[in-house]
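# Breakdown of the fold
The residues making up each chain are set out below.
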Amino acid sequence: MIPPVYTGVSGSVPVQAVLGNPVRLYGFGEAPQNVTKPYAVWQTPFALPENYLGRVPDIDQHSTQVDVYGATSASVIAAATALRNVYEVTAHMTSFRLWPKETDTNLYRVTLEIDFWTKR
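What counts, and at which threshold
- Residues numbered from 1 in each chain as written.
- Predicted model: local features only at pLDDT ≥ 70, side-chain atom pairs only at ≥ 80, totals over all residues.
- Heavy atoms only, no water.
- Salt bridge = Lys/Arg side-chain N within 4 Å of Asp/Glu carboxyl O.
- Helix = DSSP H or I, 4+ residues; strand = E, 2+ residues; numbered from the N terminus.
- Buried < 20%, exposed > 50% of the residue type's maximum accessible area, 1.4 Å probe, protein only.
- Phe/Tyr/Trp six-rings, centres within 6.5 Å; stacked < 30°, edge-to-face > 60°.
- Lys NZ or Arg CZ within 6 Å of the ring centre and 35° of its normal.
- Pairing = 2+ DSSP bridges.
- Axes fitted to C-alpha atoms, helices over the stretch in contact; angles between N-to-C directions.
- pLDDT = per-residue confidence, 0-100.
- Core = buried A, V, L, I, M, F, W, Y, C linked by side-chain atoms within 4.5 Å.
- Contact = heavy atoms within 4.5 Å.

Moving on to the pattern of salt bridges. By the definition in use, this model includes 6 salt bridges. In this structure, the salt-bridge partner of Arg-97 is Glu-113, at a minimum N-O distance of 2.8 Å. Within this pair, whereas Arg-97 is found in strand β4 (residues 92–99), its partner Glu-113 is found in strand β5 (residues 108–119), the two being separated by 16 residues in sequence. Since its relative accessible area comes to 23%, Glu-113 is described here as partly exposed. Beyond isolated ion pairs, a larger network of salt bridges with shared partners links Asp-67, Glu-102 and Arg-109.

Bringing the packing of aromatic side chains into the picture now. In this structure the tally under the stated criterion is 3 aromatic pairs. Taking the centre distance of 6.4 Å and the plane angle of 85° together, the rings of Tyr-6 and Trp-42 count as edge-to-face. Remark: Trp-42 occurs in strand β2 (residues 39–49) and Tyr-6 occurs in the segment before α1 (13–19); sequence separation between them is 36 residues. For Tyr-6, a relative accessible area of 38% corresponds to the partly exposed category. On the basis of an interplanar angle of 90° and a centroid distance of 5.6 Å, the ring pair of Tyr-87 and Phe-116 is categorised as edge-to-face. You can see Tyr-87 sitting in helix α2 (residues 73–90) and its partner Phe-116 sitting in strand β5, a full 29 residues away along the chain. On the basis of relative accessible area, Tyr-87 is assigned to the buried category, the value being 2%. Given a relative accessible area of 2%, Phe-116 falls into the buried group. It is Arg-55 that lies over the ring of Tyr-52; its NZ or CZ is 3.9 Å from the centre.

Hydrogen bonds between backbone atoms are what pair the strands of a sheet, whose relative direction is either parallel or antiparallel. Strand order in this open sheet of 5 strands is β1-β2-β3-β5-β4, and the pairing throughout is mixed. Both edges of this open sheet fall to β1 (25–27) and β4, since each of them pairs with a single strand only. Between one strand and the next, the sheet's axes are offset by a mean angle of 25°, whatever the strand orientation. As paired elements, β4 and β5 share 7 bridges and run antiparallel to each other. Each residue of the ladder has a partner; that of Phe-96, found in β5, is Leu-112.

This paragraph deals with the confidence of the model for the chain. Averaged over all residues, the pLDDT of the chain is 95; the fraction at 70 or higher stands at 100%. Of all secondary-structure elements in the chain, the lowest mean pLDDT belongs to β2, at 94, while α1 reaches the highest, 98.

What follows is about the nonpolar core. Val-15, Leu-25, Val-66, Leu-83, Tyr-87 and Ile-114 are the most contacted members of the largest nonpolar core, which totals 23 residues. Mapped onto this core, the elements with two or more residues apiece are α1, β2, β3 (59–70), α2 and β5. When residues in this core are grouped by element, the largest group, 7 residues, is from α2. With residues near it in sequence (within four places) discarded, Leu-25 still touches Val-5, Tyr-6, Val-9, Ala-40, Val-41, Trp-42, Val-66 and Tyr-87. Core analysis: the second largest hydrophobic core is formed by 5 residues, Tyr-39, Val-41, Tyr-69 and Leu-107 among them.

This is the structure we're talking about:
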């Protein structure tokens, strides 16, 4: 019921190089105050079962959003790229968006949208 957001990235040397070890990847709203930057948060806006006629679904699609925040555009792009390279091995990336610097936090942001298909 939870997408494999941490699978692969926690042991990835390129991800650890930009997001630390342990990897600074938190559930949405769970990043600690004053966390080291860059860091990432994730959420699943929706999940859907793969429905069939005559039998129970055996797989779920988790549409997951990963937002990377950092003090420089280069740091968020590097972290998002490292995450993308791991996720694309087992999931389907649907978008990669660059955002302008946020005025309230003074941070840059990159959003990855990834579809995970997980067996039940």
